[in-house]
Amino acid sequence: MTISAKGGRSAKRLIGAIAVVASLGISAVACSGGGDTSATGGDGTPQPGGTMTVLLDAGFAGGWNTGLDPATSNTTGSNLPQNSAIFGGLFTLEADDDGSNAHIQPNQAESYSWSEDQKTLTVKLRQGITFSDGTPFNAQAVLWNWIRGLNSGSSGLVQLDLDSSAGAPTNLSEDFMASLWAALPADVDKNAVNADLAAIRVVDDQTITMALNAPNGALVNGFPVANLNLIASPTAYAKLGADAFKLTPVGAGPFVITSDKMSDRLELKKNPTYFKSGLPYLDTLNFQSVAGDQVAYQTLQAGQGDAIEGLSSVTLIQQAQSNPDVGVLLTPPTSPYVVQLNTRTAPFNDIKAREAIYYATDFDAINQGLFKGQGEMSQSFMASGDLFANTKVDGYRTFDLDKAKALVKELGGLKVTLGTTDIVTARAVTTALQTQWQAAGIDVSIDAKPLGDVITTFISGQWESMLQTAGSWDPSVGIGVQVRFGSTSAFSGTPLPQGASSAADALAKKLTTPLDDLLVKAVSTTDTAARQQTYDEIAKYISDQAYGPFGMAFSPAQVVRKGVHAPGLTTKIPALSVNSGVLYDRAWVEGGK
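Since the model is a prediction, treat every value here as computed from it, not as a measurement.

A. Summary view of the sheet that holds strand β13 (residues 326-329). With respect to topology, seven strands assemble into an open sheet ordered β9-β10-β11-β2-β12-β20-β13, the strand pairing being mixed. Because the sheet does not close on itself, it has two edges, and the strands there are β9 (255-261) and β13. Strand after strand, the sheet turns through a mean of 20° between neighbouring axes, direction not considered. Bridging between β13 and strand β20 (residues 557-561) involves four bridges; their strand directions are antiparallel. Of the residues in β20, the one forming a bridge with Leu 329 is Gln 558. Contacting β2 (51-57), β11 (284-290), β12 (307-311), β13 and β20, helix α8 (residues 293-301) runs over the sheet at an angle of about 160° to β12. Those strands touched by helix α9 (residues 314-321) are β12, β13 and β20, and its axis lies near 130° from that of β13.

B. Expanded view of the sheet that holds strand β19 (residues 550-554). Read from one edge of the open sheet, six strands run β15-β19-β14-β18-β16-β17, paired in mixed fashion. Every other strand in the sheet has two partners, leaving β15 (376-377) and β17 (442-449) as the edge strands with one partner each. For strand β16 (residues 414-421) and strand β18 (residues 465-469), the ladder comprises two bridges, and the chain directions are parallel. For Leu 418, the partnering residue across the bridge sits in β18 and is Ser 465. Packed on one face of the sheet, helix α11 (residues 363-371) meets β14 (335-341), β15, β18 and β19 and runs near 35° to β19.

C. Spatial organisation of the environment of Ala 587. One can find Ala 587 in the loop between β21 (564-565) and β22 (588-589). Sequence spacing of Ala 587 and Pro 224 is 363 residues, and the spatial spacing of their C-alpha atoms is 18 Å. Here Ala 587 is in contact with Met 52, Tyr 281, Leu 282, His 565 and Ala 566, once residues within four sequence places are set aside.

D. Examining the nonpolar core more closely. Within the largest apolar cluster, 116 residues are counted, with the highest numbers of intra-cluster contacts made by Met 52, Trp 146, Met 210, Leu 285, Phe 381, Ile 538 and Tyr 584. Considering every element that reaches this core, the biggest residue donor is helix α2 (residues 139-151), with eight residues. The contact partners of Ile 538, leaving out residues within four places of it in the chain, are Phe 381, Val 481, Leu 515, Leu 518, Leu 519 and Ala 522. Residues Leu 414, Leu 418, Val 444 and Met 552 belong to the second largest nonpolar core, which totals 29 residues.

E. Molecular detail of unusual backbone geometry. With an omega of -5°, the peptide bond between Leu 279 and Pro 280 qualifies as cis. By secondary structure assignment, the location of Pro 280 is in the loop between β10 (265-270) and β11. Its identity is not glycine, yet Gln 118 carries a phi of approximately 65°, on the positive side. Relative to the elements of secondary structure, Gln 118 occurs in the loop between β5 (109-114) and β6 (120-125). For Lys 372, which is not glycine, the phi dihedral falls at a positive 55°. As for its position among the elements, Lys 372 is in the loop between α11 and β15.

F. A look at helix α10 (residues 351-360). Among the 10 residues in α10, eight count as buried, and that is most of the element. Looking at the buried side of α10, the elements it contacts are β14, α12 (401-411), β16, α13 (424-439), β17 and α18 (528-545). Where α10 starts, the residue carrying a side-chain oxygen 2.9 Å from the main-chain nitrogen of Lys 352 turns out to be Asp 350.

G. Main features of helix α3 (residues 174-183). Of the positions making up α3, those classed as buried are Phe 176, Met 177, Leu 180 and Ala 183. Taken end-on, α3 shows its buried residues confined to a sector of 130°, consistent with a single buried face. Every exposed residue of α3 that faces more than 90 degrees away from the buried side is listed here: Glu 174, Asp 175 and Ala 182. Structurally, α3 contributes buried residues whose contacts are with α2, α4 (190-199) and α6 (234-240).

H. Region of interest: the pattern of salt bridges. As enumerated under the stated definition, the model contains 14 salt bridges in all. When the shortest N-O distance is used, the salt bridge between Asp 306 and Arg 561 registers 2.4 Å. On the criterion of sequence distance, the pair formed by Asp 306 in the loop between α8 and β12 and Arg 561 in strand β20 is long-range, its members being 255 residues apart. For the salt bridge of Asp 585 with Arg 586, the shortest nitrogen-to-oxygen distance reads 3.2 Å. By relative accessible area, Asp 585 is classed as buried at 5%. By sharing partners, the salt bridges in this structure join Glu 94, Lys 276, Asp 585 and Arg 586 into a single network.

I. Structural detail: empty space enclosed by the protein. Evaluation of the coordinates by the stated rule reveals four cavities of 30 Å³ or more. The volume enclosed by the largest cavity comes to roughly 260 Å³. Lining the largest cavity are 22 residues, with Leu 80, Ser 84, Pro 224, Gly 581 and Leu 583 positioned closest to its centre. Of all the secondary-structure elements, those providing two or more residues to the lining of the largest cavity are α1 (80-87) and β3 (91-94). By residue class, the composition of the lining of the largest cavity is 12 nonpolar, 10 polar and no charged. Along the lines of polarity and charge, the residues of the lining of the second largest cavity split into five nonpolar, six polar and one charged.

J. Spotlight on the environment of Ser 233. Position of Ser 233 among the secondary structure elements: in the loop between α5 (219-222) and α6. Judged by its relative accessible area of 0%, Ser 233 is buried. Distance from Ser 233 to Lys 119, taken between C-alpha atoms, is 28 Å for residues 114 residues apart in sequence. Leave out the neighbours within four places in its chain, and Ser 233 touches Phe 131, Asp 133, Thr 135, Phe 245 and Val 250. Reaching out from Ser 233, the side chain makes a polar contact with the side chain of Asp 133 at a distance of 2.7 Å.

Rules and cut-offs
- Residues numbered from 1 in each chain as written.
- Predicted model: local features only at pLDDT ≥ 70, side-chain atom pairs only at ≥ 80, totals over all residues.
- Heavy atoms only, no water.
- Pairing = 2+ DSSP bridges.
- Helix = DSSP H or I, 4+ residues; strand = E, 2+ residues; numbered from the N terminus.
- Axes fitted to C-alpha atoms, helices over the stretch in contact; angles between N-to-C directions.
- Contact = heavy atoms within 4.5 Å.
- Core = buried A, V, L, I, M, F, W, Y, C linked by side-chain atoms within 4.5 Å.
- Buried < 20%, exposed > 50% of the residue type's maximum accessible area, 1.4 Å probe, protein only.
- Polar contact = N/O pair within 3.5 Å; in protein donor to acceptor, adjacent residues only side chain to side chain.
- Arc of directions from axis to C-beta.
- Salt bridge = Lys/Arg side-chain N within 4 Å of Asp/Glu carboxyl O.
- 1 Å grid on protein atoms, 1.4 Å probe; cavity = no way out; pocket = protein on both sides within 12 Å on 5 of 7 lines; lining within 4 Å.
- Points joined across faces, edges and corners; volume = space filled by probe spheres on them.
- Nonpolar A, V, L, I, M, F, W, Y, C, P; charged D, E, K, R; others polar.

Function cannot be read off these values alone, since they describe shape.
In structure tokens, the structure reads:
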């Protein structure tokens with residue numbers, strides 16, 4: 001089957017898991033229902049020209065300390081705004097204005113298709129696209145990027161079960177291979193690179209294939225949040241070198257970088273060679289990092305910004321909703337809060353300690369107290385905005401202080417460090433959890449860190465519990481269930497397979513846990529009912545094993561000044577990870593700025 005740019009739909013199959021993206025910030029809060037964008041005004045006819053400045057929370061999307069090179073950034077998933085503007089993407093998630101009919105749409109790709117056995121993905125590229133440096137956007141460039149993305153250490157990489165049985169390719173030139181090796185880490189595993197090259201093949205200038213050992217129904221759904229979606233110019237990399245390239249990467253998206261002050265301000269101008277006629281509308285686009293929601297809203301009100309992506313504070317969202325000068329957009333949530341428990345180390349290698357946390361946690365009270373009851377409660381990694389929404393789990397352990405106290409006493413006490421991303425809403429939730437857990441006799445320390453440090457902590461394995469979010473439009477992509485609970489994910493604390501000493505060892509020996517097997521099963525079919533049944537089984541398994549209590553699902557608000565328009569800012573697109581993706585090539589402002 002071929003899915004074309006004229007009739008995009010969600011994908012077919014793929015393998016393993018998509019460990020796509022980066023981590024998670026815990027931003028917002030949930031407010032269900034739709035938003036009010038009436039303040040944007042105008043007759044809805046896009047107008048060219050003008051400037052837009054987008055305000056991003058420094059604790060999440062506003063941080064890009066490891067740069068914007070898709071192969072080496074460890075914040076690929078949280079930097080979707082910048083990536084969308086610079087690279088555009090092979091695929092995008094699109095939806096009708098009200099958020100319905102969400103689907104994956106070929107963008108720089110013209111179409112994709114699966115082989116009859118559902119194990120080989122073929123991607124055809126649009127004719128005539130060039131990078132903004134004038135070099136061709138072709139299948140070899142995609143191959144160069146995909147191999148770098150799989151072998152350069154980005155947390156946005158995708159775990160692929162590639163079929164390398166076809167052997168080494170014979171159609172790659174010495175110049176191409178020299179360029180590729182020069183762009184890979186000096187200590188890269190060359191055997192792994194050659195195996196990837198055996199599985200990912202250039203067919204012709206516009207066609208590339210990826211061979212898998214098993215089907216995966218979620219792969220293409222995950223492209224918009226994966227580094228494989230972001231294609232950069234190999235020529236620009238060779239010219240700039242690694243350090244300059246991660247600061248000013250060159251893509252084929254709607255905008256090109258004019259200035260990058262890392263994790264502070266990113267300034268872009270219209271790409272005059274963008275492949276979509278008449279787009280982008282804006283002359284310039286800026287991303288400004290700000291220290292939290294309050295500063296963001298004040299900055300917008302002061303006229304120093306045009307849009308806020310991902311406003312979390314319920315109080316500020318309500319203020320914005322009553323402000324006639326701004327528009328507020330809320331979409332159905334996809335990512336519930338979860339307290340991840342690391343089962344690989346004490347104290348949570350004991351299920352009684354994990355059960356104590358379940359019984360001591362009252363997310364309903366937090367939802368009422370902090371979020372004014374506007375959060376959507378869930379007992380799983382799914383919420384109402386998901387493809388496979390189900391928020392109830394049979395046998396789920398709900399708040400019971402007496403049971404929590406009894407378990408803590410039986411354990412002889414319980415001392416816990418609770419980590420989180422250092423942003424306002426997350427700190428408020430962890431403080432509330434600390435109070436609740438202390439009432440059960442649990443000694444709690446909070447460890448709030450910037451996003452990049454949280455990612456480093458996850459990867460080190462040196463953590464006990466983490467307040468994060470888990471979920472995505474497709475549960476198996478982005479920061480979905482695979483990333484949070486797959487045994488070989490860097491962001492998971494579930495047990496390693498029996499006989500494995502590490503995640504790498506498990507992968508090398510092809511060892512899995514029963515939960516891993518369910519996660520694979522969930523993407524091994526395109527049958528919607530079968531996938532739903534498996535995700536329900538996964539939710540039940542996680543609950544039974546007490547791997548982490550779930551809480552409120554939220555949809556961070558998009559807030560714009562009057563006269564600002566963009567898909568994802570003023571029309572609804574489901575959140576692939578935390579914030580809704582914005583299609584900046586179609587962003588416009590009334591009358592310029």
